[in-house]
Amino acid sequence: MKRQKELGGWLLASPYLLSAIVFFLIPLGWSLSLVFFDWNLISPTRIYVGLGNFREAVTSPRVYNAFVNTYKFMAIIVPGVLLASLCLALIVQHLPWLKQFYAVGFFLPYLASGVAIGLVVRGLLSYDSPLNEFLRQIFGSSPRWLRDPTWATLVISFMIVWKFSGYYALIFLAGLQGIPRELYEAAALDGAGPFTQFRKITLPLLYPAFYTVLVLAVGLCFGIFTEPYVLTGGGPRFSTHTWQLEIYYQAFERFRAGYGATVAVLNAVATFVSVLLIRRVVESWGAKRGFR
Amino acid sequence: MRVLKAVFLGLLVLGLGAIAQVEITFWSAPNPSQEVFWRQMAEAYMATHPGVTITISPMPETPTSEAGILAAIAGGVAPTASENVFVGFGSELVKSKAIVPWNTFPEWEELVKARNISSTIKAWEFPDGNYYIIPMYVNAMLVAWRIDILRELGYERPPRTYSEVLALGERLKAKYPDKFLWLRSELEVPTWWQRWFDFFVFYYAASKGKPLITGNAITADDKAAVEVLRFFKTLRDKKLLITEPLAQGFEVGKTVMTVLGPWTFPWWKENYPELVYGKTFVLTPPPVPDWYPAEEPVYTFADAKGVVLYAQATAEQQKAMWDFIRWVLSDPEHDLAWVKVTGMLPARDDVGTNPLFTAYINEKEPALLPYAESITFAVPPIAHPQFVEIQERMGLECIYPVLTGELTPEKGWEAWKAAIKDLLK
Amino acid sequence: MRKGRRRKLVLLGLYLLATAVLLLMISPYLYMLLQSLAPWREVDRVFIPSALSLQSYRWLLGGGLSTLPRPWLRAWGNTALVATTVTLSRVLVGALVGYALAVLSFRGKRAIQNFILFHMFYPGIILLVPTFLLVRAMGLYDTYLAMILPGLVSTWAIFMYANFFRSIPKEVVEAARMDGAGELRIIFQIMIPLARPVTAIVFLFLFMERWIELLWDMIVVRDPAKQTLNVLLATMFGPYGGYPGPLYAAGVLLTFPILVLFLLFSRRFVSGVSLIISS
């Protein structure tokens, strides 16, 4: 009987194990060796370059831009999405009826393919679009949306904030719903107005949700790909270049398998370290204030 | 008994035929009319040559057709042969040993004679003395003008020099402040192959066709290059050049100038029938700097591509493909069909002289005449295997900073030269 | 009385705000739909077309004279095929493995659980190039299997099911066992039906994720006949810049099925959301 259970457990887990061995462990092992070779996928030769790939990557202006841009995007996207999703959650929370309708509605942007939305954005921002005509009438000129580094960054950031706000709003919503109403009632009895209630009760008790959304948003910035891929190609002048764009470009447009794998490793390291650092910072900030 | 014998023989023949069947694949360029041409050729060939099956499919075009071909080679699924390869890409393929020469086939000289390309083919010889690409077409780039709008502005013929262009622009803006002279949104995007259709066109015109790079050295005419950059910058500053994405420009009269290759004509015929050569638009060589002598011919860039044979194919497949390509290219009627279907001129020495072509062009496609005349003054793409980076850096380090005012034209040009030093080794 | 009226005004204002924000959030979808139904001269020139036209859809499905039709419908079919197959597999494997980890006890279970955690948090981006090379070495480049095989299992799904099954009282399983039911019967006749909310959420999310996947599908498939709609749209983004109308139509084909799916299952979705949050 026990034997059967042993076998049963392993049998049930076997599809996962098989898949993990083939599509996880083997590539994992392969990646460890790839990074030390200069390998053009086309030609039959593989050249051992030791740490040459790493050296090239850390001195490459393209990689440098991808690295810096992540934090540039973070600086806009993280506050943006925190604010937006909190606002959305608050709105839904205070609606007595049709909560579900609005919550789902706000969530819908998350379902879109970045390519399809990129299409819409390109159309809306093209020179003779109604939006730009309108702006020219009012201000005399329309911004060079996708040709100017600052605007391009803002456009991409805005698209991402739009996409994730509704999703993260659900997290805040769950947090909001977890706050006992009695706290508010007690505070109201003490004479606290709605803003004071918000500051003293809601925000502190939303700390776990805040923390979750923060970490998710930070991690998200390391994986930006589709939006710049279809709209800017990483430009203008690499202002919207990202890690994943660089990996894709090196490995699948220039066919440099070894170098592409190297950039991927650097990306993973940067992500891990950054998320860790930010978590530490936020946790200590929270601990100081007695959260968690 | 006799019936059985017949059936058996029939099956044997079928069987042998099946064994003897060679399957070859050919990738046509991502231009639909070219695909149509090759399909026609393949069908006609297969009707008279039962031992071979030819599959025509369009090559991937994103991110570029070159990357698509490389991806297929990398994935082990390269076709037997494809078109759409220019000398630079060819040299990259040769370096990776991905393509094989055509001239090692015994009938090579025969083909050169039959298609009349003994002069044309010279430019396609590779450093090792072999011919890896058989050119299909040479498209000189010309500039098209909306002569109907120009007439409204008082011009009977298009401007020739930069100053004349600027004067035209002024008059244009005076009458139509919302129109532009030239829409070129890709000018500020570093996509490497887009340089062929803006900078290269004007540069070769201004420099009398001086090559940008020869071998591993920069042999460009700096004065001409800087002049071109200054021209672009001036146009942009005066709001005559618009570099942002705009859905329609020349076709709807929002702009009056555009750089044009003959492949556009079939598309115009279908979607913009109001664009009639001579009435709505005319073609000229690219505008030149003011100091350019008026009597001298103007050079331009030529988009010239051809057919290559891939190393991944078996010897049998390669031979079968060679026979097919030979058959296609040895008959001038086929090249005439090429003109009719794709609107482009085939790469032949006698395009401007052979009555077979001239009769058709004169009657049906007068717009192709200026293209035929420009072939002698057309400069092909850079042959250096690092062409992608070289042309990318031109956009990144030179054109974009110059257009946005970050660098002067002189500094921008020097910046490009400095940026590609490490590639030219 | 005044307080009541004030409250009503505040509520009205709130609903107006909520509706305005909602419209803003879904405006890109509306724009896409409207532009796909606009006459070509008006695409991207006006917000709301003066007349509705099926020109874009007809062109998308039939092609123009100077362009050969791209297999848009086929690409949609490819997306549906890949997304459905992969998601069904992920859900099934997730349930099976989740059950094994949550309910059964056997030697090495700990190891497997830790391994799954390691797998879940390992940065996938590092595996991109080697997995491509692996697929190529297996001779699967440019095939449907290349899009399907690597994605048959989802550690997240396993995690969700394991969590859920752990919350089911042990008595349920034990009672079934005493009745003589084998493990498989327990799984399929008791546990999975119980896990309906989890299945709904897991299926919806995984399906949506796979549907809008771009990077992997773009890398492993080159043949337009096999490409997913997302990839096809991405590749046609540049070249068909002059034909935005049909591209919007393709965008609608790509986006609206998922929207409809989620809206249809919104009830289940909402009830299951708390499950995701707690993870």
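About the cut-offs
- Residues numbered from 1 in each chain as written.
- Chains lettered and ligands numbered in written order.
- Predicted model: local features only at pLDDT ≥ 70, side-chain atom pairs only at ≥ 80, totals over all residues.
- Core = buried A, V, L, I, M, F, W, Y, C linked by C-beta atoms within 7 Å.
- Buried ≥ 20, exposed ≤ 12 C-beta atoms within 10 Å, placed from the backbone.
- Contact = placed C-beta atoms within 7 Å.
- Helix = DSSP H or I, 4+ residues; strand = E, 2+ residues; numbered from the N terminus.
- Pairing = 2+ DSSP bridges.
- Nonpolar A, V, L, I, M, F, W, Y, C, P; charged D, E, K, R; others polar.
- Domains from an automatic or database assignment.

Counting 303 residues, the largest nonpolar core has Phe172 of chain A, Val228, Val308 and Leu345 of chain B together with Tyr99, Tyr161 and Leu233 of chain C as its most contacted members. Those residues within four positions of Tyr161 of chain C in sequence are excluded, and the remaining contacts are Gly94, Ala95, Gly98, Tyr99, Ala195 and Val198 of chain C.

In this section: the pairing of strand 12 (residues 281-284) of chain B. Residue and element names in this part refer to chain B. Side chains Phe281 and Leu283 project from strand 12 onto a buried face, and the interleaved Val282 and Thr284 project onto a face without burial. Bridging between strand 6 (residues 142-146) and strand 12 involves 4 bridges; their strand directions are antiparallel. The residue bridging Val143 from the neighbouring strand is Thr284, located in strand 12.

The next thing to look at is the interface of chain A and chain B. In this assembly, 17 residues from chain A lie in contact with 19 residues from chain B. For the side of chain A that touches chain B, the residue count by class is 6 nonpolar, 5 polar and 6 charged.

Next up on the list: the domain arrangement of chain A. What the domain assignment lists for chain A is domain 1 (1-28) and domain 2 (60-288). Distance from the C-alpha centre of domain 1 of chain A to the C-alpha centre of domain 2 of chain A: 37 Å.

Residue and element names in this part refer to chain C. Along its sequence, chain C is carved into domain 1 (2-62) and domain 2 (72-278). The gap between the C-alpha centroids of domain 1 and domain 2 is 31 Å. Across the boundary between the two partners, domain 1 contributes 15 residues, which contact 12 residues of domain 2. At the level of elements, helix 1 (2-36) and helix 2 (55-62) are the ones that each hand at least two residues to the side of domain 1 that touches domain 2. Here the side of domain 1 that touches domain 2 is built from residues that sort into 10 nonpolar, 4 polar and 1 charged.

With that settled, the discussion passes to unusual backbone geometry. All names here are of chain A. For Phe255, which is not a glycine, the phi torsion comes out positive at approximately 65 degrees. Structurally, Phe255 is set in the loop between helix 12 (243-253) and helix 13 (257-288). Under the C-beta neighbour-count criterion, Phe255 is labelled buried, with 20 such atoms within 10 Å.

Residue and element names in this part refer to chain B. In terms of burial, strand 5 (residues 134-140) is a largely internal element, 7 of the 7 residues being buried. Relative to strand 13 (residues 300-310), strand 5 runs antiparallel, the two being bridged by 6 bridges. Counted as the bridge partner of Pro135 is Gly306 from strand 13.

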